[in-house]
Structure formats: C-alpha cells, structure tokens
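An overview of the molecular structure
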Number of protein chains: 2
Amino acid sequence: MAMTAEQILAAITPAARDEPDSGIVRAAMYGFTVPGVIPLWAGEGSTPTPEAFARPAAEALLRGETFYTWQRGIPELREALAAYHRRSFGRGFSHENFFVTSGGMQAIQTIVQMVSGAGDEIVIPTPAWPNYAATLRILGQRPVEVPMQFANGRWTLDLDRLFDAVTPRTRAIAINSPSNPVGWTASREELVAIRDFCRRHGLWILADEVYCRFFYGDQGETRAPSFLDICEDEEQLLLANTFSKNWAMTGWRVGWLQAPRALGPAIERIIQVNTSGTPAFLQKGCVAALDHGDEYLAGQVRMARELRDLTVSMLSGLPGVRFEVPKGAFYLFFSIEGMTDPAATVRRLIDEAKVGFAPGDTFGPGGEGSLRMCYLKDRAQLEEALGRFSRWMVTNHRA
Amino acid sequence: MAMTAEQILAAITPAARDEPDSGIVRAAMYGFTVPGVIPLWAGEGSTPTPEAFARPAAEALLRGETFYTWQRGIPELREALAAYHRRSFGRGFSHENFFVTSGGMQAIQTIVQMVSGAGDEIVIPTPAWPNYAATLRILGQRPVEVPMQFANGRWTLDLDRLFDAVTPRTRAIAINSPSNPVGWTASREELVAIRDFCRRHGLWILADEVYCRFFYGDQGETRAPSFLDICEDEEQLLLANTFSKNWAMTGWRVGWLQAPRALGPAIERIIQVNTSGTPAFLQKGCVAALDHGDEYLAGQVRMARELRDLTVSMLSGLPGVRFEVPKGAFYLFFSIEGMTDPAATVRRLIDEAKVGFAPGDTFGPGGEGSLRMCYLKDRAQLEEALGRFSRWMVTNHRA
C-alpha cells in the first residue's frame, strides 16, 4: 500500500505543492555541496553571537528555566524592548505594545494570520524578500507585487503605482525599509504618504524595519526614518523585527512584533497555535543584547558601512555590472548585462569561481537580471570573494 | 489619529478576533495572580530538563553555533530520531522521514498548512486539546468535532460516527492517542480501521502520538499501539511529536514531524515561512535526550503510573466525581455532578482551595461538565493539591 511520490504530492494542497523553493535556500543547498565556496547568499554575518549575550541564555538553561512561559514573552524582555525603543526613537514606548516571537519570520506569519484571510491581498513592493509572497500563497492569500524602478542608477518606489495596486480585497501594504535586497530606504515624506493612504483606506501597514539601524545616511543618523516617527502606537501599524541582524543572533530564532495593545489577546492566541511561545532561557540572552548591546550594534553598523564601501569600490569598475550604492541593510543587489538565468549563473559562480550569491529573480518582479550578495562578512574573506567574482566576470562576461 | 480598541479589533479577521482564549491559558493567567496556588493546569511536569540534555545545548550556544541552519533540522538529530524509532518500534526508519520543528504545535501547524486549505475540514474526536480547533479556525478552516462517549465508566470512540462526519471537504482525521485530556488509547484494531477508512477515501491521518510512551498497559508494554505499527512510511500519514513530554523539555519548543519523504521540499518551504528553522544549538541537546535519555524516560513513565494511581485512589471516593482511570498520557479528566460552569469552578478552586485545574469545556464537546488536571508533579505537592481539592469538594459540593 506504499504510495508513489506523485500520489503523495497530489494529496497536499496545490499552494503547498507548487510553491517554488526560495532561490536563496536553493543556492545555499547547492553551495553546501561544493567545497571551498565563500557563501554570501544568506543574510547573516560571519561572527557568532557575542558571549555577553549567549552566556545569560546558557546559564538560564542550565539553571532549569525550561518550562512553558508567557505567550507574549517574559515581562523582563518586553520591558527591555520598550527601553531600547525609547533610546532609539527618543520618545515613550510601553511594554504592552511588544510581543516576543520565534524569529522575525514568525512575527510576519502572526501578522498575516491576524489581518488577512483566504483570498485577501497584501501589496508588496519588489524586489522583496521572497518569504513574503511565499507565506501568503501557502496560506491561500494573494501577494500583489509592485515593482520598484531602477533608473539613472537609483531604485525608486512609485507611490501612485503602489496605491493603484490596492483593491477591495487588500488588507495591508508591506513596507520593508531599508529594504532587503536593494537597500532602498523610504524618506520620512514617503512614509507619511503611505501612512495617510492607509489611514484613509483602513489598511494595515506591515512594516519590516529589521534593518532600521543599518542605515548609511550622510548626516550622522543612527537609524533610518521609521513609521515609529510618524504613527500612533494605537493605529493600524504592525512591525516585525528580530534580534538576528543587530546582535548576530540569526540562529536563535527570536524576534518581536510591535502592535496596538488591543491586539494582545489575539496575538497570544496566534502564538499559542504556532509555537506556544519562545524559550524563556533564550529570552534572557535577548535581554542582555538589548541592555548591553548598543556599542556592539554601533560597531556592526560601522563595519557594515566599511564593507559596503569596499564592495562598491571593487565592483564598480566591472563591465556590465550596475547597482545603486545601498542606503541601508547589508546587501548589494546588482544587475549583470545580458544575464538571462540568474539561478544558472549562481550555480556557475559556485562551481567555477567558488563564490556564492543569491539569484535576483527569487526576489520577484524587478530582480530578473540581478544577483544579491550579503557583504556583512569577514573583511579578508569578502575581499577574496569579490576578487574571485571580478576575475570570473572578466573571463566570462561577454558584454 | 489614535484608534480605539474597538476600531482596531474591527480591522483584524473575524477568525482571529472571535477565537476564544484557551481555557487552559485563561486558568493559568488567572492562577498566576493568586499566591500559593498549586498549578495542575498545564501539561508539564515539575522538574526541569536534566542537565545531561541541557549542557550540550548550552555548550553549543557558547561555542558559537548561532547561525542559520538546515530547515529540516541538523542531520545528527534526524539520524538520532531514526535510531530512537528503531529502538521503540523494532523496525527500520530512515532519517529522510523526520523533520525538526519548533515544538509539537509547530509540527501540527505545518501539517495543517500543507494538507488543508480555506474552507476545508479536519475531523477531530473530542474532548481534545483545544489548539487543534483553534488552529483550523484561525486559518479559515473548519474543525469537525466528533464527541467520544463516556458510559459505564469508559471513554469510547464510535468509529461509525467518526467516519460519518467525513464530507467531500474533509482532508484529514486527527487522532491523538493516548489522548489529552481523557487518556483514551486506540487499540491496534481501531487504528487499522481508521487507516483502512482513510486509505479508501484518500484522507490524511494526522497522528498526535506525543504521549505514546506514557502508556499504562497490563502486559508490560513500553508504549501504546501506534500508526507506525501498521502504516507504510510512504503513505498519507503525518505524525506530530515533541521532546517536551518525554524528556521534560516543554520550554525548549522543539518537536518533530514524521512524513513521507516526498514531502521534504514542501515541508522545508513551510518551515522557512513559519520559523525559518529551529536553533541548531538546541538540537544538540535534543540529540543527547534521544541518545542518552531512554532510562530517564522509563523513569518518568514509571513515576507517572505511580502518580496516576495515587490520584485515582485519592479521588475515587469523592461524591459526584466520575472518571475513567486513564490508560495513557498524564492527565485525569473527571466530571463533577451538577457543575454547569467549569471556568467558574476553576476560578473558585484557585481562590478558595489554592489548586489549579483546567476547565473541561475548553476541550470541546463531551468535556462540558468536567475538569482536567495534570498529575505529573512532585508527589508531595500532588498529594497536597489533591487533599485541598478533596476538602473543598466535601465542603462545597451539594450532590
């Protein structure tokens, strides 16, 4: 009575079956099999979590803090989140608006399960992290992708086009600023325009400001413009965030959701049926990251800016390669003239140059002729990787 | 422009807004505010994770294993899962059928997202863990609850009634055996009948065998009958499981999903958009639990049986209290004659007797006049709690 693979696949939902793999994951899975590749496909640095953040978690685990915990997160961490935001934004925040999640992705999943149902739409500017569209499709919802424009060496989001994509089924507009993958960063004026449009139409803002602190302004800013500068705590704004990027904690899978306090019970219920909470002992490490991690974070951002400049200088002379110097996040998203199959190019680069990028088309409309690389890496390793890529391009690119 | 709570709640989906809180969570949240209460509401023991399982995780964390990891789980843990199943079931298992999830609940969530869509139905015998129905409702799906019968001091599941509940929209039958909350345990013959029905109708079996090892048979059995005894690895069987109960790891939030290998890519994609994987360093502790935890688990089951017997002997004389001696899991589910509002009784017991139960009606049809308690607790504390409850019943129950 064993079934064939085809029979089994025919028995799951079309959405789960037909969803393509993330091109990032596919590049990584291929690259893992080839020795000596320098991986720049994923959005993480090359240094592990500092011991100052890891030790309190390890100690809490060994102390036996191993029971079920608050579905919203431990009070101590929610208070530390409020204090971190007070420092970063120079205004008051209450712990009541913070909810701990098992990673930034789980914060997005919680938002989608809360505000949007089957057949509903969420509008997403692209190129965008592919997980947005995948989440919606797997849940039977519809991502409405609005491509940004790359012209005159700059990425821009046409707000009229964004707003025109809204239909009666639209529940939210997702804004990721600074953006993964292109580094586009909304100005305060753009954020105000989006806020006002969403207010007028009763739409949710799904704000992904994960890279808010990785912003390379010219005025000594320590963060990008944010919806938190211009919105009320109690309106239709939901922010997904994570400890992963700021404090080198990608493998911890802890994030947070910022939401109107009236949604507390609904968020708790959704957390209960998704993960039933986030390990309390891990949250102790997150408290340490917030309370004692400001200097570490500032150093990471400084380093990211230097690595961005290194990357830009090493790639800007290459024939056929075009990009905008990213204003934020820690990726370079660049097009290669004449490249028609980014996934094939990614595989060739892994095999022939031993350097690992992510294919641009996995980020949706607007990313077709491009590749993405994460430059938040050890400097020597990054230089080596960029050198390998440059030599490969000079040898192989027929422009 | 701040919105009222009512306005904000009106803007989320009706399913997310109107879902009731879990009665278990509500009891716990109320009980946490009353000093001196002995909590028996949740499904966890009172001892923390043994150091032998915690230390390898703490060490991996401090060693810097803090990066993104395999979406299916680390190869070492999937291999350890296959070996554990070989020992438990006396037949071959492949690591290819195991997928690590962020808790047993996330395994269920993954299954539901994979096999069932909006408007689809999953049939669930009740009383059942309330998270099943809640998950489905929040995702816009429909739980079809089929009450078990309590008659002549026994819980039974009428298979004809179960099968009659299947409609063209049904995607799966969920079977939790041994069951939380009543301890009902399917016989091998019942499992075969369910398997054959599902095979004939192309339905998925969603098997929750989390309490498989907590089985109190008369023949020296070390586990309950299982779908793994009678099914192929490659058919429409999906099992959700967890490290929580067997190895005292509730707060770790690590579980696993057992599935046909053809579903690997679909499961990886769903994991990616839900949690993006489970911390690799925690998985090292789970490997230790599997490889070195057999004796600990056997001790836990022995203790659970003794505590069950203690509970049964202390409650069996109480007027108006009725239950079946549970065959498995570690709960006692008992009705109280004349009780019409279990949540109110739970609150009174917390306030007046300082003992914390969960209200039976939260487990769905069939649980209305009952309470649930977890007896896997420190023996002296359990005796004290049962003594408090007995005295309260003698004083307060008008039967």
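Residues numbered from 1 in each chain as written. Chains lettered and ligands numbered in written order. Predicted model: local features only at pLDDT ≥ 70, side-chain atom pairs only at ≥ 80, totals over all residues. Heavy atoms only, no water.

1. A look at the overall build of chain A
Keep this limit in mind: The numbering of helices and of strands both runs from the N terminus, where a helix is a DSSP run of H or I of at least 4 residues and a strand a run of E of at least 2. For the radius of gyration, the atom set is restricted to C-alpha positions; the globular benchmark scales as 2.2 Å times the number of residues to the power 0.38. It only takes one pair of heavy atoms within 4.5 Å for two residues to be counted as in contact.
What chain A contains, in helices and strands, is 15 helices and 15 strands. Radius of gyration (C-alpha) of chain A: 21 Å, near the 21 Å computed for a compact globule of 399 residues. In terms of overall dimensions, chain A has a C-alpha envelope of 60 × 60 × 45 Å along the principal axes. Put simply, of all contacts in chain A between residues at least 6 apart along the chain, 75% involve residues at least 24 apart.

2. Examining the packing of helix 11 (residues 264–274) of chain A against helix 6 (residues 104–115) of chain B
Convention followed: Inter-axis angles, ranging from 0 to 180 degrees, are taken between N-to-C directions of lines fitted to C-alpha atoms, where helices are fitted over the stretch in contact. Every angle not falling under 35 degrees, over 145, or within 65 to 115 is termed oblique; those three ranges are roughly parallel, roughly antiparallel and roughly perpendicular. When residue character is reported, Ala, Val, Leu, Ile, Met, Phe, Trp, Tyr, Cys and Pro are called nonpolar, Asp, Glu, Lys and Arg charged, and the others, Gly included, polar.
The contact between helix 11 of chain A and helix 6 of chain B brings their axes to 6 Å, and the two run at 90 degrees. With respect to their mutual orientation, helix 11 of chain A and helix 6 of chain B come out roughly perpendicular. Residue-level inspection shows A:Q272, A:V273 and A:N274 of helix 11 of chain A in contact with helix 6 of chain B, the latter providing B:M105, B:Q106 and B:Q109. Of the residues that constitute the contact of helix 11 of chain A with helix 6 of chain B, the class distribution is two nonpolar, four polar and no charged.

3. Concerning the sheet that holds strand 9 (residues 237–242) of chain B
Strands in a sheet are paired, the pairing made by backbone hydrogen bonds, and the direction either parallel or antiparallel. All names here are of chain B. We apply this condition: Being paired, for any two strands, means DSSP has found at least two bridges between them.
Read from one edge to the other, the open sheet built from seven strands follows the order 2-10-9-8-7-3-4, with strand pairing classed as mixed. If you trace the sheet from one side to the other, it starts and ends with strand 2 (98–101) and strand 4 (142–147), each paired once. If you compare each strand with its neighbour and ignore which way they point, the axes differ by 25 degrees on average. Summarising the sheet, strand 2 and strand 10 (residues 255–258) pair through four bridges and their orientation is antiparallel. Bridge assignment links T101 to a residue of strand 10, and that residue is G255. Contacts from helix 5 (residues 75–89) reach strand 2 and strand 10, with the element oriented near 120 degrees to strand 2.

4. Re the relation of the copies chain A and chain B
A rotation about an axis combined with a shift along that same axis relates the two copies of the chain. Heads up, the rule is: The copies were overlaid by least squares, fitting only the C-alpha atoms of residues that reach a pLDDT of 70 or more in each copy.
When chain A is fitted onto chain B, the two copies agree to an RMSD of 0.0 Å after a turn of 180 degrees and an axial shift of 0.0 Å. One copy is carried onto the other by what is essentially a two-fold rotation axis. Relative to the rotation axis, the closest C-alpha in chain A is found at A:A58, a distance of 2.3 Å. Of the interface residues in chain A, 100% have counterparts in chain B that sit at the interface too, so the contact is made through matching surfaces.

5. Regarding the side chain of A:K377
To be explicit about the condition: A simple rule labels every residue: compare its accessible area, found with a 1.4 Å probe on the protein chains alone, to the largest value its type can have, and call it buried under 20%, exposed over 50%, or partly exposed in between. Positive charge is attributed to Lys and Arg, negative charge to Asp and Glu, and no charge count is given to His or to the chain ends. The salt bridge criterion pairs a side-chain nitrogen of Lys or Arg with a carboxyl oxygen of Asp or Glu, the two atoms within 4 Å.
Within the secondary structure layout, A:K377 lies in the loop between strand 15 (370–374) and helix 15 (379–396). Among buried Asp, Glu, Lys and Arg side chains, A:K377 stands out as unpaired, with A:E44 the closest opposite charge at 5.7 Å.

6. A short note on the interface of chain A and chain B
What counts is decided by this rule: Note: buried area is the sum, over both parts, of the accessible area (probe 1.4 Å) each one loses when the two are combined.
On the chain B side, the residues contacting the 84 residues of chain A number 84 residues. For the chain A and chain B pair, buried surface summed over both sides reaches about 6800 Å², with 65% attributable to carbon and sulfur atoms. When the area that chain A buries against chain B is broken down by residue, the three leading residues are A:Y68, A:R269 and A:V273, summing to 11%. Here chain A is connected to chain B by two salt bridges. Where A:R269 meets B:D21, a salt bridge forms, and the shortest distance between an N and an O atom there is 2.8 Å.

7. Topic: the sheet that holds strand 2 (residues 98–101) of chain A
Residue and element names in this part refer to chain A. Spatial strand order, 2-10-9-8-7-3-4: seven strands in an open sheet with mixed pairing. Edge strands, defined here as strands with exactly one partner in the open sheet, are strand 2 and strand 4 (142–147). Taken pair by pair, the neighbouring strands of this sheet meet at an average axis angle of 25 degrees, ignoring direction. In this sheet, strand 8 (residues 204–208) lies alongside strand 7 (residues 170–176) in parallel orientation, the contact comprising five bridges. When the sheet's bridge partners are listed, I173 is paired in strand 8 with I205. In the packing of helix 5 (residues 75–89) onto the sheet, contacts are made with strand 2 and strand 10 (255–258), and the angle to strand 2 comes to roughly 120 degrees.

8. Topic: the environment of A:G183
Residue and element names in this part refer to chain A. One can find G183 in the loop between strand 7 and helix 9 (188–201). According to the relative accessible area criterion, G183 is buried, its value standing at 2%. Distance from G183 to F214, taken between C-alpha atoms, is 9.6 Å for residues 31 residues apart in sequence. Contact partners of G183, with chain neighbours within four places excluded, come to P326, K327 and G328.

9. So, the environment of B:D378
All names here are of chain B. Structurally, the position occupied by D378 is in the loop between strand 15 (370–374) and helix 15 (379–396). According to the relative accessible area criterion, D378 is partly exposed, its value standing at 42%. Note: C-alpha distance between D378 and I205 (173 residues apart in sequence) is 35 Å.

10. Section: the confidence of the model for chain A
Filter applied, for reference: Every residue gets a pLDDT, meaning the predictor's confidence in that residue, from 0 to 100.
With 99% of its residues at a pLDDT of 70 or more, chain A has an overall mean of 96. For this predicted complex, the interface score ipTM comes out at 0.97, alongside a pTM of 0.97.

11. Quick look at the pattern of salt bridges
Applying the stated criterion across every chain, the model contains 46 salt bridges over all chains. A salt bridge links A:E19 to A:R137; the nearest nitrogen and oxygen atoms lie 2.7 Å apart. Placement of A:E19 in the loop between helix 2 (14–18) and helix 3 (23–31) and of A:R137 in helix 7 (residues 131–138) is noted, with a sequence separation of 118 residues between them. Its salt-bridge partner being A:K284, residue A:E65 comes within 2.8 Å of it at the nearest N-O pair. Here A:K284 lies in helix 12 (residues 280–292) and A:E65 lies in the loop between helix 4 (51–62) and helix 5, a separation of 219 residues in the sequence. Each of A:D21, A:R26 and B:R269 takes part in one network of salt bridges that share partners.

12. What to know about the packing of aromatic side chains
The condition is simple: By convention, a stacked pair of Phe, Tyr or Trp rings (six-membered ring in the case of Trp) has centres within 6.5 Å and planes under 30 degrees apart, an edge-to-face pair has planes over 60 apart, and any other such pair is tilted. Here, a charge over a ring means that NZ of Lys or CZ of Arg falls within 6 Å of the ring centre while also lying within 35 degrees of the ring normal.
Tallied over the full model, the rule gives 44 aromatic pairs over all chains. Where B:W129 meets B:Y132, the ring centres are 6.1 Å apart and the plane angle is 85 degrees; that geometry is what we call edge-to-face. An aromatic cluster is defined as three or more aromatic residues linked by ring pairs; in this entry it consists of A:Y84, A:F243, A:W247 and A:W256. Looking at A:R78, its charged tip hangs above the ring of A:F99, at a distance of 5.5 Å from the centre.

13. A few points about the nonpolar core
The criterion, for reference: Note on terminology: a nonpolar core comprises buried Ala, Val, Leu, Ile, Met, Phe, Trp, Tyr and Cys residues joined through side-chain atoms within 4.5 Å.
Counting 288 residues, the largest nonpolar core has A:F334 and B:F334 as its most contacted members. Not counting residues up to four positions away in its chain, the partners in contact with A:F334 are A:L315, A:V321, A:R322, A:F323, A:F357, A:G369, A:S370, A:L371, A:M373 and A:F389.

14. Thoughts on the packing of helix 6 of chain B against helix 7 (residues 131–138) of chain B
All names here are of chain B. This is how it is decided: By definition, any crossing whose near helix is turned counterclockwise from its far helix by less than a right angle is left-handed, and any crossing with a clockwise turn is right-handed.
Between helix 6 and helix 7, the shortest axis-to-axis distance is 11 Å and the interhelical angle comes to 40 degrees. Viewed along their axes, helix 6 and helix 7 adopt a mutual orientation that is oblique. Crossing hand, helix 6 versus helix 7: right-handed. Between helix 6 and helix 7, the contacting residues are M105, I108, Q109 and V112 on the first element and N131, Y132, T135 and L136 on the second.

15. Section: helix 6 of chain B
Residues and elements named next belong to chain B. Stated precisely, the cut-off is as follows: Expected helix span is given by 1.5 Å per residue-to-residue step, counting one fewer step than there are residues.
For helix 6, built from 12 residues, the straight-helix expectation of 16 Å at 1.5 Å per residue is met to within 8% by its first-to-last C-alpha distance of 17 Å. Within helix 6, 12 of the 12 residues are buried, leaving the element largely enclosed by the surrounding structure. Three or more residues of helix 6 are buried, namely G104, M105, Q106, A107, I108, Q109, T110, I111, V112, Q113, M114 and V115.

16. Remarks on the pairing of strand 4 of chain B
Residue and element names in this part refer to chain B. As a reminder, the rule being used: With its strands directed away from the observer, a crossover is right-handed exactly when the path from the first strand over the helix to the second travels clockwise.
With six bridges connecting them, strand 3 (residues 121–126) and strand 4 associate as parallel partners. Note on strand 4: the bridge partner recorded for I124 is E145. A crossover connection joins strand 3 to the parallel strand 4 through helix 7; in handedness this β-α-β unit is right-handed.

17. A look at unusual backbone geometry
The phi torsion of most residues other than glycine is negative, and most of the peptide bonds are trans. A:S177 connects to A:P178 through a cis peptide bond whose omega is -15 degrees. Assignment of secondary structure puts A:P178 in the loop between strand 7 and helix 9. Between B:T126 and B:P127 the backbone carries a cis peptide bond, its omega angle lying at 0 degrees. One non-glycine residue, A:N152, lies in positive phi territory at about 50 degrees. Along the chain, the position of A:N152 falls in the loop between strand 5 (149–151) and strand 6 (154–156).

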